[in-house]
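# Examining the three-dimensional arrangement
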Protein chains: 2
Amino acid sequence: MSKWVYDFSEGDQSQKKLLGGKGANLAEMTNLGLPVPPGFTITTEACNEYRKQGQEFPDGLLDEVAEHRKSLEEEMGRPIGDSSDPLLVSVRSGAPFSMPGMMDTVLNVGLNDESVEGLASQTDSDRFAWDSYRRLIQMYGKTVMGVDGDLFEEAIESAKEAKGVDNDVDLDTDDLKALIDDFKGIVDKETGRGFPQDPTEQLHLSIEAVFSSWDNRRAQDYRRRNKISDDLGTAVNVQSMVFGNRGDDSGTGVAFTRDPSTGDNNPYGDYLPNAQGEDVVAGIRNTTPLADMGEVQADAHKELLEHMSKLEKHYKDMCDIEFTVEAGKLWLLQTRVGKRTSAAEWVMAYDMVEEGLIDDDTAVRERLTAGRLDELFKPVIKAELKDSKEPVATGLNASPGAAVGKVVFTADDASEWAERGEPVILVRRETTPDDYHGMVAAQGILTSAGGTNSHAAVVARGEGIPAVCGADAIRIDRKAKKFTVAGETVEEGDFIAVDGTDGTVYIEELETEPSALEAAINGDEEGKKSTLWKAYERFMSLADDTRRLRVRANADTHDQCANARARGAEGVGLTRTEHMFLGEERVRAVRKMIFADTEEEEQEAYDALLPLQRDDFAGIFEAMDGLPVTIRLLDPPLHEFLPNQVDLSVEVALAEAGAGDEKLSDEDLDIKKAELAKVNELHEANPMLGLRGVRLGIVKPGLYAMQVRAIVEAAVEAKKGGGDPKPEIMIPLTATAEEMRQMREELEPVAKEVLEDAGVEVHVEFGTMIELPRAALVAGDIAKHSDFFSFGTNDLAQTAFGFSRDDIGKFMGMYESRKLVPANPFVTIEREGVGRLMQIGTDEGRAANDKLHVGICGEHGGDPESVVICDELGLDYVSCSPFRVPVARLAAAQAVMGASESSSA
Amino acid sequence: MSKWVYDFSEGDQSQKKLLGGKGANLAEMTNLGLPVPPGFTITTEACNEYRKQGQEFPDGLLDEVAEHRKSLEEEMGRPIGDSSDPLLVSVRSGAPFSMPGMMDTVLNVGLNDESVEGLASQTDSDRFAWDSYRRLIQMYGKTVMGVDGDLFEEAIESAKEAKGVDNDVDLDTDDLKALIDDFKGIVDKETGRGFPQDPTEQLHLSIEAVFSSWDNRRAQDYRRRNKISDDLGTAVNVQSMVFGNRGDDSGTGVAFTRDPSTGDNNPYGDYLPNAQGEDVVAGIRNTTPLADMGEVQADAHKELLEHMSKLEKHYKDMCDIEFTVEAGKLWLLQTRVGKRTSAAEWVMAYDMVEEGLIDDDTAVRERLTAGRLDELFKPVIKAELKDSKEPVATGLNASPGAAVGKVVFTADDASEWAERGEPVILVRRETTPDDYHGMVAAQGILTSAGGTNSHAAVVARGEGIPAVCGADAIRIDRKAKKFTVAGETVEEGDFIAVDGTDGTVYIEELETEPSALEAAINGDEEGKKSTLWKAYERFMSLADDTRRLRVRANADTHDQCANARARGAEGVGLTRTEHMFLGEERVRAVRKMIFADTEEEEQEAYDALLPLQRDDFAGIFEAMDGLPVTIRLLDPPLHEFLPNQVDLSVEVALAEAGAGDEKLSDEDLDIKKAELAKVNELHEANPMLGLRGVRLGIVKPGLYAMQVRAIVEAAVEAKKGGGDPKPEIMIPLTATAEEMRQMREELEPVAKEVLEDAGVEVHVEFGTMIELPRAALVAGDIAKHSDFFSFGTNDLAQTAFGFSRDDIGKFMGMYESRKLVPANPFVTIEREGVGRLMQIGTDEGRAANDKLHVGICGEHGGDPESVVICDELGLDYVSCSPFRVPVARLAAAQAVMGASESSSA
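Scoring rules and cut-offs
Residues numbered from 1 in each chain as written. Chains lettered and ligands numbered in written order. Predicted model: local features only at pLDDT ≥ 70, side-chain atom pairs only at ≥ 80, totals over all residues. Heavy atoms only, no water. Phe/Tyr/Trp six-rings, centres within 6.5 Å; stacked < 30°, edge-to-face > 60°. Helix = DSSP H or I, 4+ residues; strand = E, 2+ residues; numbered from the N terminus. Buried < 20%, exposed > 50% of the residue type's maximum accessible area, 1.4 Å probe, protein only. Core = buried A, V, L, I, M, F, W, Y, C linked by side-chain atoms within 4.5 Å. Contact = heavy atoms within 4.5 Å. Axes fitted to C-alpha atoms, helices over the stretch in contact; angles between N-to-C directions. Parallel < 35°, antiparallel > 145°, perpendicular 65-115°, else oblique. Left-handed = near helix turned anticlockwise from the far one by under 90°. Nonpolar A, V, L, I, M, F, W, Y, C, P; charged D, E, K, R; others polar. Buried area = accessible area lost by both parts, 1.4 Å probe. Salt bridge = Lys/Arg side-chain N within 4 Å of Asp/Glu carboxyl O. pLDDT = per-residue confidence, 0-100. Least-squares fit on C-alpha atoms with pLDDT ≥ 70 in both. Polar contact = N/O pair within 3.5 Å; in protein donor to acceptor, adjacent residues only side chain to side chain. Pairing = 2+ DSSP bridges. Expected span 1.5 Å × (residues − 1). Bend = angle between axes of the 7 residues up to and from the residue. Patch = residues over 30% accessible without salt bridge, like charges linked within 9 Å, V, L, I, M, F, W, Y side chains within 5 Å. Areas by Shrake-Rupley, 256 points an atom, 1.4 Å probe, with all protein chains shown as cover. Lys, Arg positive; Asp, Glu negative; His and termini not counted. Charge placed at Lys NZ, Arg CZ, Asp CG, Glu CD.

Moving on: the packing of aromatic side chains. Residues and elements named next belong to chain B. Applying the stated rule across the entire model yields 40 aromatic pairs over all chains. On the numbers, 5.1 Å between centres and 75° between planes, the contact of Phe128 with Phe243 is edge-to-face. With Phe128 in helix α5 (residues 126–143) and Phe243 in the loop between β5 (235–240) and β6 (251–256), this pair connects stretches of sequence that are 115 residues apart. Exposure class is identical for Phe128 and Phe243. Each is buried.

If you want it as structure tokens, here you go:
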């Protein structure tokens, strides 16, 4: 016969399948000799047997539960349901894989009309006891007895209304007693039987409820989405409850074995006497720093520090501990590897290596989060100000970095103020896709609602804009254009500062400075003395030795290239030449090209652009001397260089009707009309799928020839000046091998001619973006005419999914929340579809041309999960924005090391 | 030692690799005992040897040539270069695969300053002889000696200018003699040596020139594009030239063994006495019908009819013969299987089967062109009018069918006139993509320039609009809005008729009628007596027995379904429900849905639409009783139901400025402004990749639920009325398996509820379009939640290539002409990319769900080449427009039979 129930002291961490994750961890702590509130775990096998037998407990289970309950009561010295000093227990689910919030929990089991009085006298708090009882009836009624939870909520609302108060805490003991009567009435009416006074019945039915919750709809959905088998079942943990609010010799707290903010090797935490865990979290009362806890709880404090040291050595990492002191006795309720700031991550890893706790490999593989590395380069509020100033509010650290600017309340204002050079912070309750233009114009974003995956947070992180979200202390009056916080009122135009790294908000114009790492990279000697810099140097050097993937940067100017190189870029994977067509002089030439009636006029436009482009490329070759530079020929549709169709149509219509803002001369009107005619001619229903990329090169052959000439002339200059330029010329948006063959046939002679005329040898490569599904599917043919491929993963995701990146705002939120997509495919490379195209493109391209080198230049190149996929696909390099280069270097190393998903996520 | 040279009598049709296509055919005719002008073929092996030895003739070749030349001169009784009666020869290339116009030819070899006089006296025409000599120098100078051909053309122009004439034929013998002196001067100056007077040198260097032309750039490109090996080499045919203009006992003509227009089994052709082949083609003089040739050339005519009969029996098909009579002697210059009209194709095949010349299988496999079958259903000009009226012009039969309407000269006029109900014929020199809206509004199209692949022709065929292109007798004065032809002037608004089946144009309002086949399908007894109908019945019945693919129709209404069923459709593969959202009442409800502020308002809109949709579906189930009907839920983006953004913006701006055409009340202006705000909100940068298809279904769940309810309620009605409805509900634009799973989870209960409420059983299937690359790549996952797949090949081509179908007009012409795409992927399924996605989707979908049925509902379903691909991919059915159903049935049979590409193209 099976053993259905394990005491915490009988299991260990390895038994997650049998005891669930929570049960195994409680067992592990118990075995370490730590003071965990005793209890026992009913196995997943028992759950599965229960389900198999049509919702019947398996033979022997109730006997084993009774036996373990008896031991537990003896150990705790108080029986469940005792009228003078009752033991309360929690009944919680615990599956082999974490399924947070999906299954049921019942707390305070053991309370009834009698034991509630005992609890009241033991805890010296009538209110606490009756509130606990109220919670039990509510939770049990809903979870175990299937009563509609809204009925209880409505009763609470009625009670508060009757009393004229807003908050639950304003209900006193008598109110709660009346409420309990109401609750019991609800249970009677809805179920036809009363709330059970028998603690054993409470316990058994709670266990059944947890078993059954494995098969609720929510849990089933979760498992399907997370690919967890339905056959695993859940364990049930029955654990004695302890209370930190039983008097002055009780208390509760949270402790970290090292400082989670700085990483310093000092225990850190808070203690709150005579309080429950939720009081610490709610921040209602002032806490005592852990260092001062000894003054009120000398023994418990000493014991806690010993346990902390033990736990850190056991887990070989910083631990986060929840503890309670009940009548002088220390209990550890939970421990886990503690969360920390990005800086602390590096400092702790460095110190732990130095201490011999872990080795270098472990540090790089498991302890450093590639995706957070860029936080360390973001500007910070000046150290002395950060120390001296008090934040007025704290929200979620949604997007790292500090920003200072004037408050605005609408996206339009943000965009207008920013256009006239004012730094702004956009303050909203929440943002919507329509706010995008204002968000990207702002220095920083502050919202009063919304979590770390709210629209504001996602956009801010994506665009690298500092943001604090869900700062709910802030009350925004959008119409009056002001907000209030901590008794102060902030008007539109007032300066505030937001620190997206720790989620703090200041109503002052605080000065910012580069981060220590950023300063060090730029040669600052002080910065180089920091532990952070030492950690960065040590671990990045190991990462570079380890990784297989090369890392390049997407950079369009000399300065961006220099910046990227300082961050370890090994070349440029993408120079977008369209940026070189902007600026007054250039746009004039570009428009001349677009409006040209004859080939001569068109050529004149090219002649004007050539020297400007050549200078741009010369700067890039200088900054990237000796390293490969991939330059993409002009990609966007030509109408992007012309005015907006709607605006111009309205302007012309008004001018023709004599109703415009300014009176246009007939001549000017004719020019506008000609411009509109061209805009209409070039207008496209779907420009993303229109006349752009190589199609432009084919329709306007002089354009690409001019660009190639400018690139090669710049390379010749560099070579003559003693440099070593390595140009790689990239044709965008190829769909067919013939496009590549014919383009190369046209352009390669231009390059040869320039080199021959100059009498200089430079190796010039020609390759293409693979950014259309068909290109990937015929990569073998295209590779015959290409020296290299670069996957344009943004466009590839657009066409593979049929998602226009500009338009998905209207539904992507719903898609992500309903898991209709595995993840946002513009953030992380989608493996099944897009990744398969990349696999086909890479494998078949190389099979046809063994010299082909293959990289990626979409923005995914700086996303750690995507870097892992690129490594798996066997690409030669990834390319990303200069600031993400260190991220990619580390992620590439972790890919080789097989870092666990959680650390690279 | 190899044999390098074969007399025509030594080879046969099977030796194409050695003798080239032309050489092998000349040999075949010679062996049939037909009077072919004698000659010999130099083998492809000789060419390859020449190329291998660095442009040196292989040993023995010149000896063999000399030997065969001698035999030839003996046979013809005149030596090459003879001063009194010279034999002239042609030197032509002839590769194993046809490479039309890619390689070189030299005619009139053997003429020099002396023999030209002999030719003049023999032919009694000084002008002919000197013009022949002029042509030799020009062709030889350019081809063999490498002189720039423009120099000769310029000399001809100068001569004409000096004489003040426009045409070459106005140059007389003296002019030509002077021109020959000029030509010789050009050759001297450009090459440093004179035009060779030695006929042997002419012959040998011409052979070398043909050998070398195998490797010219043009030929290399052609081979690469057509995947012909460079190693094959070309043969060279040296053939004696004969002349039909040596007097009244000479002549030339073209003959067909049966009437190529009607298919009737009567020899048909034209004879022109004392003329050369080019005179027949140019139509300069009136020809004698073949039947009357016996009156002037009794013996030759009799002999010709005997040869024709022999050739038809030999080739087992109608032959097209070019012949010349020289001094009473008949020569056959060329024969090939003759081109014929679509009707003639069917009639001839039927007759030949009846005659026992071919069997049924051969007829269906090789003699019927699926792609032309729809021509037989197009309206025709009433038979009595067609017989009695004379066309004023003839152009290319660019798109079949007859059309009658008023002449307009601009696309805007076409569209405006059509909108007010006037039938129009759009007349242009050529059309551009900007004319599209006018083209589709017109009954027919007439252009004065452009070939069968011009923009006008391609669009007209694609849209099924009758068109005559390149009718160059027409002179258009676009500004004055009129055209002149055959001395008559046609003004805007005048009626004309165009017959796109034979390319004729009439300036009268001729009445049209249904074609014989269309009449027969609609039950007309007279039509059913025609041979054409008998042929159609016989061969289509065989096709239906043979094909593996089922054929469905894309049909949105009861009438379209009935029409499709009469043409053999076995169900509906695509009902587009968006058409059901049009019409005043419906658009009002749709707009209500779009503008709804509350769920109630939205539901009201659905309630209004439900009964209307149900009636639509009821009609479809009735017409398709017992057959499957696939209904696609709403697909297009919502803004398609709202006004155009530019127009509305201008209207509102003008109204606000008080400058609009009509004064709007404040209230109306507010409505317009609200409408504009919604239009702007719904505006998308790339609607093709935006909020449409299943995304709409997810964002507006009530919409699809309403449609499903309407479908199933209609099915219940049908079932209760004794019918057998087979609804297949199709979700568009799926990209992920979760979309399909969640949609099905929402919609299937709606269907079940309707059926349960009605107490009726109807089998309702749920499936999806596979029209995005990712959907094909994850088809295995999607198939788990789908009863069927239907490939949306238009959208799949759009996203695989990144080509917006609405926008490619600006470059697709260039893409097709430069072979940058294998073919227009919106016409024929592109095999390598799109086809591979279909293969993956089909194979992996079926592997995951063995009950899955798979079809195609893009417009490719009616394209014969695409049908072959669908058969190869193993699909279950194709679906196409009702009129293309017979095309698809025949093509599907030919796919199984392995029809040759030429017959199904």
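Right, let's talk about the nonpolar core for a bit. Core analysis: the biggest nonpolar cluster contains 287 residues, and Trp346 and Phe539 of chain A together with Trp346 and Phe539 of chain B have the highest contact counts within it. For Phe539 of chain B, the contacting residues outside a window of four places in its chain are Trp346, Ala349, Tyr350, Val353, Asp360, Ala363, Val364 and Leu368 of chain B.

Turning next to the packing of helix α31 (residues 793–801) of chain B against helix α33 (residues 831–848) of chain B. Residue and element names in this part refer to chain B. The geometry of α31 relative to α33 is characterised by a closest axis approach of 9 Å and an angle of 120° between their N-to-C directions. Judged by the inter-axis angle, α31 sits oblique to α33. Crossing of α31 over α33 shows right-handed handedness. Side by side, α31 and α33 meet where Thr793, Leu796, Ala797, Ala800 and Phe801 of the first sit next to Val834, Leu837 and Met838 of the second. Split by residue class, the contact of α31 with α33 holds seven nonpolar, one polar and no charged.

Contact residues are listed per partner, giving 63 residues for chain B and 64 residues for chain A. In total, chain B and chain A occlude about 5600 Å² of area from one another, counting both sides; carbon and sulfur atoms represent 57% of this. For the pair chain B and chain A, the number of links is eight salt bridges. A salt bridge links Glu745 of chain B to Arg217 of chain A; its shortest N-O distance comes to 3.2 Å.

Now for the confidence of the model for chain A. Residue and element names in this part refer to chain A. Averaged over chain A, the pLDDT score is 91; the fraction of residues at 70 or greater is 97%. In this model, residues 901–905 is a region of pLDDT below 50 whose contacts with residues beyond four sequence positions or in other chains number eight contacts. On the interface metric, ipTM, the complex scores 0.82, and its pTM is 0.83.

Residues and elements named next belong to chain A. Residues Ala411, Asp413, Ala414, Ser415 and Trp417 constitute the buried set of helix α15 (residues 411–419). Residues of α15 that are buried sit in contact with β14 (402–408), β15 (424–428) and α16 (436–441). Of the residues one or two after α15, Gly421 is the one with positive phi, at around 90°.

On to the relation of the copies chain B and chain A, then. Between chain B and chain A, the superposition needs a rotation of 180° and an axial shift of 0.2 Å, giving an RMSD of 0.4 Å. Look at the turn and shift together and you get a two-fold axis relating the two. Same-surface contact between copies: 100% of interface residues of chain B are shared with the interface of chain A.

With that settled, consider unusual backbone geometry. Glycine aside, residues mostly have negative phi, and peptide bonds are mostly found in the trans state. Although it is not a glycine, Gln55 of chain A adopts a positive phi angle of roughly 65°. We note that Ala486 of chain B has phi near 45°; this positive angle belongs to a residue other than glycine. Mapped onto the fold, Ala486 of chain B is located in the loop between β19 (482–485) and β20 (488–491).

So, on to the side chain of Asn216 of chain A. Residues and elements named next belong to chain A. Take Asn216: it is sitting in the loop between α8 (199–213) and α9 (217–225). There is a polar contact of 3.2 Å between the side chain of Asn216 and the backbone nitrogen of Arg218. Beyond its immediate sequence surroundings of up to four residues, Asn216 is in contact with Met102 and Met103.

Attention now moves to the sheet that holds strand β10 (residues 329–337) of chain B. All names here are of chain B. Read from one edge to the other, the open sheet built from five strands follows the order β8-β7-β6-β9-β10, with strand pairing classed as antiparallel. Here the strands that pair on one side only, and so sit at the sheet edges, are β8 (288–289) and β10. As judged from the eight bridges shared by strand β9 (residues 319–326) and β10, these two strands associate in the antiparallel manner. By the bridge assignment for β10, Glu322 is matched with Gln334. Of the strands in this sheet, β6, β9 and β10 touch helix α11 (residues 298–315), which is tilted by about 25° from β10.

Turning our attention to the pairing of β19 of chain B. All names here are of chain B. Side-chain alternation along β19 places Phe483 and Val485 on a buried face and Lys482 and Thr484 on a face that remains uncovered. Bridge count between strand β18 (residues 475–477) and β19: three bridges; the pairing is antiparallel. The partner of Asp477 across the bridge, within β19, is Lys482. In this structure, the hairpin formed by β18 and β19 is closed by a connection of four residues, where Lys481 is found at a positive phi of approximately 55°. In this sheet, β20 lies alongside β19 in antiparallel orientation, the contact comprising four bridges. Looking at β20, one finds that Val485 is bridged to Glu488. As consecutive antiparallel partners, β19 and β20 are separated by two residues, and within that stretch Ala486 has a phi angle of approximately 45°, a positive value.

Turning our attention to the sheet that holds strand β4 (residues 105–109) of chain A. All names here are of chain A. A sheet is described by the order of its strands in space; here five strands give the open sequence β1-β2-β5-β3-β4, paired in antiparallel fashion. Looking at the sheet topology across the chains shown, the edges are occupied by β1 (5–7) and β4. Averaged over all neighbouring strand pairs, the angle between strand axes comes to 20°, with direction disregarded. Across three bridges, β1 lies against strand β2 (residues 39–42) in antiparallel orientation. Along β2, the bridge assignment pairs Asp7 with Phe40. Set on the sheet, α8 makes contact with β2, β3 (89–94), β4 and β5 (235–240); between it and β3 the angle comes to about 15°.

Residue and element names in this part refer to chain B. Here helix α28 (residues 737–758) contains 22 residues, and its C-alpha end-to-end distance of 31 Å stays within 8% of the 32 Å for a straight helix at 1.5 Å per residue. The largest bend along α28 measures about 25° and falls at Glu745, with the proline Pro749 one to four residues further on. Just beyond α28, the residue with positive phi is Gly759, at close to 65°.

Residue and element names in this part refer to chain A. On the surface, a cluster of negative charge is contributed by Asp148, Asp150, Glu153, Glu154 and Glu190. Broken down by element, the negative patch gets its largest block of residues, three residues, from helix α6 (residues 149–163). With respect to the secondary-structure elements, Glu154 resides in helix α6.

Here we come to the environment of Arg340 of chain B. Residues and elements named next belong to chain B. By the secondary structure assignment, Arg340 is in the loop between β10 and α12 (342–355). On the basis of relative accessibility, which here comes to 13%, the residue Arg340 falls in the buried class. For the pair formed by Arg340 and Thr262, sequence separation is 78 residues and the distance between their alpha carbons is 8.4 Å. When sequence neighbours within four positions are dropped, the list of residues in contact with Arg340 reads Pro260, Asp317, Met318, Glu345, Met348 and Arg372. A distance of 2.9 Å separates the side chain of Arg340 from the backbone oxygen of Gly338, its partner in a polar contact.

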